[in-house]
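# Close look at the chain arrangement
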Amino acid sequence: MIQAFAFYLFAAIVIASGVMTIGARNPVHSVLWLILAFFNAAGLFLILGAEFIAMLLVIVYVGAVAVLFLFVVMMLDIDFAELRSGIARYWPFASILALILLAEIVFAVMAWNAGTVVAAKASPAAQGVPNIELLGRALYGRYLYIFEAAGLVLLVAMIGAIVLTHRRRSDLRPQNVSHQVRRRPEDAVVNMNPGVGQGVEL
Amino acid sequence: MTEWFQGTLGYGFGWFVATLILILMIALPLMLAVAMIIYADRKIWAAMALRRGPNVVGPFGLLQSFADGLKVFLKETIIPSGANRGLFIIAPILTFTVALIGWAVVPFGDGMVLADINVGLLYLLAVSSLGVYGVIIAGWASNSKYPFYSALRAAAQMVSYEVSVGFVLISVILWSGTFNLSGIIEAQRSHVFFLNGFAFNPLLFPMSIIFLISAMAETARAPFDLTEAESELVAGYQTEYSSMSFALFWLGEYGNVLLMCGMTAVLFWGGWLPPIDWAPLYLVPGIIWFFAKIFLFFFVFSWVKATVPRFRYDQLMRLGWKIFLPVSLLWVFLVSGYLLVTKEQCPVGTTELASVRTDDEADRFMPSCRSQMPNLTGRDRAAGAHQ
């Protein structure tokens, strides 16, 4: 009973906050609704017994990705009137996209009802073994090469992003800590004894 | 206790009542602890500045925090007319809630834990990453320049330091073989000869230092308190807040600091275990050792706050990304390399692991193999200490 209650609670909040994400007038509110949706999706994973994925969802999406979203959206200068004026122009294209997505969902549900490609559905977890371990054994055993390849793709994407956005600025003088620490009074201070009326020559 | 309630009130409702009571048993003393730790912070800070600190309200000024609490409670809640009303009110509540929920998985003693979940460490990481939202939302909803600057700083600062904290946690997990906090504490029993704690391990000690400094940055304590640097940003994200909403930020901040001190104790200094694995020391209840360790690290936090000047923002970013990140990444390589060289892999498909009975035999294998040893009777020396 309690599982059913929790499921409907989380599912209802996920859907409602998903609707609010696209419906909210303020983009910052949209991101916050999105975060609520992520959070409740993590709750759904918990009910499924996938506590590791639930925690990862919170750490990666809520803790890192959504913070950066919020960071960017808060600093955007958005003209709402201009955004809304585009609706008339784009709605035919948008409705075609929506129809395609709807058709795909219907198709997927039909295919799923007809039976999956894999002969038997795998049981979620052996009793008593944490699913982090099961996931680890699968990822680093059977799917090791695919997993490493995925890591490599991410590495390339990261390096690419840095290379594309990094620009060298010649007008900056960054702090060099070791240079500052190495500096001694002898390097900085010179005792002079200038004659009267002559001044100092450096 | 849960069983007793379930027996008298029925299974579901009994569980509910028992859990509610346990939550209150953690949350209410925590509130008291936060009030006293604010007092302790002010006293320590004052002593280092050769001042007397709070000394008027109650004996030795012990009731100062309660007087302050009463004062802010009686003040008027002011919501700026330009603020985003709903979010402005939610932000301090969020900060305070997040500071409380982290304690759900912290083991206070042997078996004294509200939720003994096997992703405990990830849960704590998730909760600590949620802490930034209170600050960002407060800064944005205030609709004011200084709080907004503060929110942007907080977002960048907390995300940066979480990365190196993650690597520190990975090296701890590698050595303990579990994400469960009670399991991590058990793994530290006589970790180095007779010393309890990963920090006594020369390979993990640098990580404990990185963790402590990152914890200061995560909780935006001095010297990393750039989010509320009064010389630049008035009071940062708290500028527009007053009355109880201000107090909630204050309480949440100290609650987070205590949680970080507790995490340092649990991850590196043996949690509720005494520092030395010697039977008479186990006569002192584990919860006292744990609180003593929390207070010790809180003293370090106060000490640093009183003595170290505030970092500049670019120095903070440099420390996080150019020093802590490479060093902690290198240390993950060192720790995993050491374990690979010295420990055996878990044998697959044999009954070798099932025959392991004592700790010394279990130490031959990788730490993560322990969950596949059904006949391991727990830490044998622990059993001796409890008898």
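Residues numbered from 1 in each chain as written. Chains lettered and ligands numbered in written order. Predicted model: local features only at pLDDT ≥ 70, side-chain atom pairs only at ≥ 80, totals over all residues. Heavy atoms only, no water.

What follows is about the overall build of chain B. When you go through chain B residue by residue, the secondary structure sums to 14 helices and zero strands. Starting at the N terminus and ending at the C terminus, chain B contains elements arranged as α-α-α-α-α-α-α-α-α-α-α-α-α-α. Taking 21 Å as the expected radius of gyration for a compact globule of 387 residues, we find that chain B reaches 23 Å, a close match to that expectation. With the C-alpha coordinates of chain B rotated into their principal frame, the extents come out at 70 × 55 × 40 Å. When the 387 residues of chain B are sorted by exposure, 52% land in the buried category. Taking the intrachain contacts of chain B between residues at least 6 apart in sequence as the baseline, contacts between residues at least 24 apart amount to 68%. Looking at chain B as shown, the accessible area adds up to about 17700 Å², and 70% of this sits on carbon and sulfur atoms. Put simply, chain B has 23 plus and 24 minus side-chain charges, and the middle of one group is 9 Å from the middle of the other. (Helix = DSSP H or I, 4+ residues; strand = E, 2+ residues; numbered from the N terminus. Rg over C-alpha atoms; globule rule 2.2 N^0.38 Å. Buried < 20%, exposed > 50% of the residue type's maximum accessible area, 1.4 Å probe, protein only. Contact = heavy atoms within 4.5 Å. Areas by Shrake-Rupley, 256 points an atom, 1.4 Å probe, with all protein chains shown as cover. Lys, Arg positive; Asp, Glu negative; His and termini not counted. Charge placed at Lys NZ, Arg CZ, Asp CG, Glu CD.)

When helices and strands are counted, chain A shows nine helices and zero strands. Relative to its full complement of 202 residues, chain A shows a buried share of 18%. As displayed, chain A has an accessible area near 16300 Å², and 70% of this comes from carbon and sulfur atoms.

Before going further, it helps to spend a moment on the packing of helix H8 (residues 205-218) of chain B against helix H10 (residues 243-268) of chain B. Residue and element names in this part refer to chain B. One can describe the packing of H8 onto H10 by two numbers: an axis separation of 10 Å at closest approach and a directional angle of 165°. Overall, the two elements H8 and H10 adopt an arrangement that is roughly antiparallel. You can see that H8 and H10 cross each other, and the crossing is right-handed. Within the contact between the two elements, H8 uses Met207, Ser208, Phe211, Leu212, Ala215 and Glu218 and H10 uses Met260, Met263, Thr264, Leu267 and Phe268. Of the residues that constitute the contact of H8 with H10, the class distribution is eight nonpolar, two polar and one charged. (Axes fitted to C-alpha atoms, helices over the stretch in contact; angles between N-to-C directions. Parallel < 35°, antiparallel > 145°, perpendicular 65-115°, else oblique. Left-handed = near helix turned anticlockwise from the far one by under 90°. Nonpolar A, V, L, I, M, F, W, Y, C, P; charged D, E, K, R; others polar.)

So, on to the side chain of Ser171(B). All names here are of chain B. Within the secondary structure, Ser171 is located in helix H6 (residues 145-176). For Ser171, the side chain forms a polar contact with the main-chain oxygen of Val168, separated by 2.8 Å. In this structure, Ser171 is in contact with Leu204, Met207 and Val335, ignoring residues within four places of it in sequence. (Polar contact = N/O pair within 3.5 Å; in protein donor to acceptor, adjacent residues only side chain to side chain.)

Turning our eyes to something else, we now look at the packing of helix H5 (residues 120-141) of chain B against H6(B). Residues and elements named next belong to chain B. It is the contact of H5 with H6, at a shortest axis distance of 8 Å, that shows an interaxial angle of 175°. Overall, the two elements H5 and H6 adopt an arrangement that is roughly antiparallel. Within the contact between the two elements, H5 uses Leu121, Leu125, Ser128, Ser129, Val132, Val135, Ile136, Gly139 and Trp140 and H6 uses Pro147, Phe148, Ala151, Ala154, Ala155, Met158, Glu162, Val165, Leu169 and Ile173. Grouping the amino acids of the contact of H5 with H6 by side-chain chemistry returns 15 nonpolar, three polar and one charged.

Count 3.6 residues to each turn of an α-helix, and residues three or four apart come out pointing the same way. All names here are of chain B. For H6, spanning 32 residues, the distance from its first C-alpha to its last is 46 Å, which sits close to the expected 46 Å at 1.5 Å a residue. Most of H6 sits out of view: 23 of its 32 residues are buried. Trailing H6 by a residue or two, Gly177 shows a phi angle of about 75°, which is positive. (Expected span 1.5 Å × (residues − 1).)

Let us look at the interface of chain B and chain A. Interfaces are often sized by the amount of accessible area the parts lose when they come together. Facing the 29 residues of chain B at the interface are 25 residues of chain A. Around 2300 Å² of area is buried between chain B and chain A when both sides are counted, 75% of it from carbon and sulfur atoms. For the chain B face of the interface with chain A, the top three residues by lost area are Tyr133(B), Trp140(B) and Leu152(B), together amounting to 23%. The interface formed by chain B and chain A contains zero salt bridges. Elements represented by at least two residues in the side of chain B that touches chain A include exactly H5, H6 and helix H12 (313-342) of chain B. Counting residues per element, the side of chain B that touches chain A draws most heavily on H5(B), which supplies 11 residues. (Buried area = accessible area lost by both parts, 1.4 Å probe. Salt bridge = Lys/Arg side-chain N within 4 Å of Asp/Glu carboxyl O.)

Moving on, we come to the confidence of the model for chain B. On average, residues of chain B carry a pLDDT of 83, and 92% of them reach 70 or more. Confidence estimates for the predicted assembly give a pTM of 0.83 and an ipTM of 0.78. (pLDDT = per-residue confidence, 0-100.)

For the rest of this paragraph, the subject is the UniProt feature "transmembrane region" (unreviewed entry) in chain A. All names here are of chain A. The feature "transmembrane region" (unreviewed entry), as given by UniProt, occupies residues 6-24, 31-50, 56-78, 90-112 and 143-164 in the numbering adopted here. The span residues 31-50 shows a helical share of 85% and a strand share of 0%, and its end C-alpha atoms are spaced 25 Å apart. Taken end to end, residues 143-164 has its terminal C-alpha atoms 32 Å apart, with 95% of it in helix and 0% in strand. (UniProt positions renumbered as here; feature names shortened; annotations may be inferred.)

Moving on: the confidence of the model for chain A. Predicted confidence across chain A gives a mean pLDDT of 82, with 88% of residues reaching 70 or more. At the low end of the mean pLDDT range in chain A sits helix H4 (residues 80-85) of chain A, at 66; at the high end sits helix H7 (residues 144-165) of chain A, at 93.

Take a probe with the size of a water molecule and roll it over the atoms, and the empty space left behind shows itself. Residues and elements named next belong to chain B. Going through the model one piece at a time under the given rule, you end up with two cavities of 30 Å³ or more. By volume, the largest cavity amounts to about 230 Å³. Taken together, 18 residues make up the lining of the largest cavity; nearest its centre are Gly131, Met158, Glu218, Thr219 and Asn256. Elements represented by at least two residues in the lining of the largest cavity include exactly helix H4 (85-101), H5, H6 and H10. With five residues, the single largest contributor to the lining of the largest cavity is H10. Partitioning the lining of the largest cavity into residue classes produces 10 nonpolar, six polar and two charged. Of the pockets and cavities examined, the second largest cavity occupies roughly 30 Å³. Those elements that provide at least two residues to the lining of the second largest cavity are H5 and H10. A per-element tally of the lining of the second largest cavity places H5 first, with three residues. (1 Å grid on protein atoms, 1.4 Å probe; cavity = no way out; pocket = protein on both sides within 12 Å on 5 of 7 lines; lining within 4 Å. Points joined across faces, edges and corners; volume = space filled by probe spheres on them.)

Glancing now at the pattern of salt bridges. Residues and elements named next belong to chain B. With the rule as written, the count across this model stands at seven salt bridges over all chains. Note that Asp41 is salt-bridged to Lys305, the shortest N-O span being 3.3 Å. Of the two residues, Asp41 is situated in helix H2 (residues 11-48) and Lys305 in helix H11 (residues 286-307); the sequence distance between them amounts to 264 residues. Here Asp41 matches Lys305 in class, with each residue buried. For the salt bridge of Asp314 with Arg312, the shortest nitrogen-to-oxygen distance reads 2.9 Å. With a relative accessible area of 39%, Asp314 lands in the partly exposed category. Take Arg312: its relative accessible area is 42%, and that puts it in the partly exposed class.

Another aspect to go through is the nonpolar core. Formed by 115 residues in total, the largest nonpolar core has its most connected members in Trp103(B), Leu121(B), Tyr133(B), Leu267(B) and Phe268(B). Ignoring any residue separated from it by four or fewer positions in sequence, one finds Tyr133(B) in contact with Ile35(A), Val62(A), Ala66(A), Val67(A), Leu70(A) and Leu94(B). (Core = buried A, V, L, I, M, F, W, Y, C linked by side-chain atoms within 4.5 Å.)

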